[in-house]
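# Notes for the structure review
Single-letter residue listing:
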Amino acid sequence: GNHFYFRTRGEVLGYDLSTGKSLWEKKDAYKSTSMRTLSSSPRYLAVTESTDETVRFQVLDATTGKRIVTIDPGAFHFWRTPLILGDTFYSYDDFDGMLVAWQLPDGQPLFRTKFGGQLASELQSPDGKNLLIHHRVLKERKIILSQVDAANGRINWQTDLKLESIDRGPILADSRILYV
């Protein structure tokens, strides 16, 4: 739908952009005021909540704001901005260099794919069927671009971008990836 979400100090707010009216508010619903990221789809909204000891993902109904499932990834690592495609929630563990997919609405793990490097740019899916993952190979000072099948985590292809870093996320345009 035509919704807009934002977070602030322990709260998440949902608005209808066609009317400007508030859809819902989640006040004081989180153990931490450190809610780093939001990711949404027409059906779901995910909030990454962290404390000094834990990280967990709260998946909400995008229309009502009601909690659907809490996903506990099992380790306190630096989890990057998640991505939601259909009924699948994806996130990247920068510590282990691991892409993890969970089935929604139950939050059960679907697959894990190991890359072994830190994410250089946020997860993207230009076609809704595949993920683009940019990860750094730190010791070799290079960035690898991988296309991953979103349904099963298999790597379709990888290429060395011949770059040491990416200052900004890539721009996707007409089946091309542009780096600025």
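See above for the structure.
Note that the structure is a prediction, hence the values are computed from the model and not measured.

## Focus on the overall build of the protein chain
A tally of regular secondary structure across the protein chain gives zero helices and 16 strands. Per-residue burial over the protein chain gives 45% buried out of 180 residues. Put simply, of all contacts in the protein chain between residues at least 6 apart along the chain, 31% involve residues at least 24 apart. In the structure as shown, the protein chain presents an accessible area of about 9,700 Å², 47% of it carried by carbon and sulfur atoms.

## Regarding the sheet that holds strand 10 (residues 98-103)
Strands sit in the order 8-9-10-11 across an open sheet of four strands; the sheet is antiparallel. Each edge of the sheet is formed by a strand with only one pairing partner; in this case those strands are strand 8 (83-85) and strand 11 (108-114). Direction aside, neighbouring strands of the sheet carry axes that sit 20° apart on average. Here three bridges tie strand 8 to strand 9 (residues 88-93), and the two strands are oriented antiparallel to one another. By the bridge assignment for strand 9, leucine 85 is matched with threonine 88.

## Focus: the packing of aromatic side chains
Tallied over the entire structure, the rule returns five aromatic pairs. Consider the rings of phenylalanine 89 and tryptophan 102, whose centres lie 5.5 Å apart with planes at 45°: the pair is tilted. Of this pair, phenylalanine 89 sits in strand 9 while tryptophan 102 sits in strand 10, and the two are 13 residues apart along the sequence. Pair check on accessibility: phenylalanine 89 and tryptophan 102 agree, each one buried. Cluster of aromatic residues (ring-pair linked, three or more members): Phe57, Phe89 and Trp102.

## Some thoughts on the sheet that holds strand 13 (residues 142-149)
What the three strands build is an open sheet, ordered 12-13-14; its pairing is antiparallel. Bordering the open sheet on either side are strand 12 (130-137) and strand 14 (155-160), each of which pairs with just one other strand. Looking at each pair of strands side by side, their axes are set apart by 20° on average, direction ignored. Bridging between strand 13 and strand 14 involves five bridges; their strand directions are antiparallel. Bridge assignment links glutamine 147 to a residue of strand 14, and that residue is tryptophan 157.

## Re the nonpolar core
Tyr90, Tyr92, Leu99, Leu123, Leu131 and Ile133 are the most contacted members of the largest nonpolar core, which totals 14 residues. Put simply, the parts of the chain that give this core at least two residues each are strand 8, strand 9, strand 10 and strand 12. Setting aside chain neighbours within four positions, we find tyrosine 90 in contact with Pro82, Leu83, Leu85, Leu99, Val100, Ala101, Phe111, Leu123, Leu131 and Ala150. Counting twelve residues, the second largest nonpolar core, distinct from the first, contains Ala46, Phe57, Ile84 and Met98.

## Considerations on the pattern of salt bridges
Going through the model one piece at a time under the given rule, you end up with three salt bridges. Close ionic contact of arginine 43 with aspartate 87 constitutes a salt bridge, the shortest N to O distance being 2.9 Å. You can see arginine 43 sitting in the loop between strand 4 (34-40) and strand 5 (44-50) and its partner aspartate 87 sitting in the loop between strand 8 and strand 9, a full 44 residues away along the chain. Owing to a relative accessible area of 29%, aspartate 87 belongs among the partly exposed residues under this scheme. Salt bridges sharing partners connect three or more residues here, namely Glu140, Lys142 and Asp160.

## Focus: the environment of leucine 145
Looking at the element boundaries, leucine 145 is found in strand 13. Classification of leucine 145 by relative accessible area gives buried; the value is 4%. Sequence spacing of leucine 145 and leucine 132 is 13 residues, and the spatial spacing of their C-alpha atoms is 6.9 Å. In this structure leucine 145 touches Leu132, Ile133, His134, Trp157, Gln158, Thr159, Leu161, Ile177 and Tyr179, once residues within four positions along its chain are discounted.

Conventions adopted
- Residues numbered from 1 in each chain as written.
- Predicted model: local features only at pLDDT ≥ 70, side-chain atom pairs only at ≥ 80, totals over all residues.
- Heavy atoms only, no water.
- Helix = DSSP H or I, 4+ residues; strand = E, 2+ residues; numbered from the N terminus.
- Buried < 20%, exposed > 50% of the residue type's maximum accessible area, 1.4 Å probe, protein only.
- Contact = heavy atoms within 4.5 Å.
- Areas by Shrake-Rupley, 256 points an atom, 1.4 Å probe, with all protein chains shown as cover.
- Pairing = 2+ DSSP bridges.
- Axes fitted to C-alpha atoms, helices over the stretch in contact; angles between N-to-C directions.
- Phe/Tyr/Trp six-rings, centres within 6.5 Å; stacked < 30°, edge-to-face > 60°.
- Core = buried A, V, L, I, M, F, W, Y, C linked by side-chain atoms within 4.5 Å.
- Salt bridge = Lys/Arg side-chain N within 4 Å of Asp/Glu carboxyl O.

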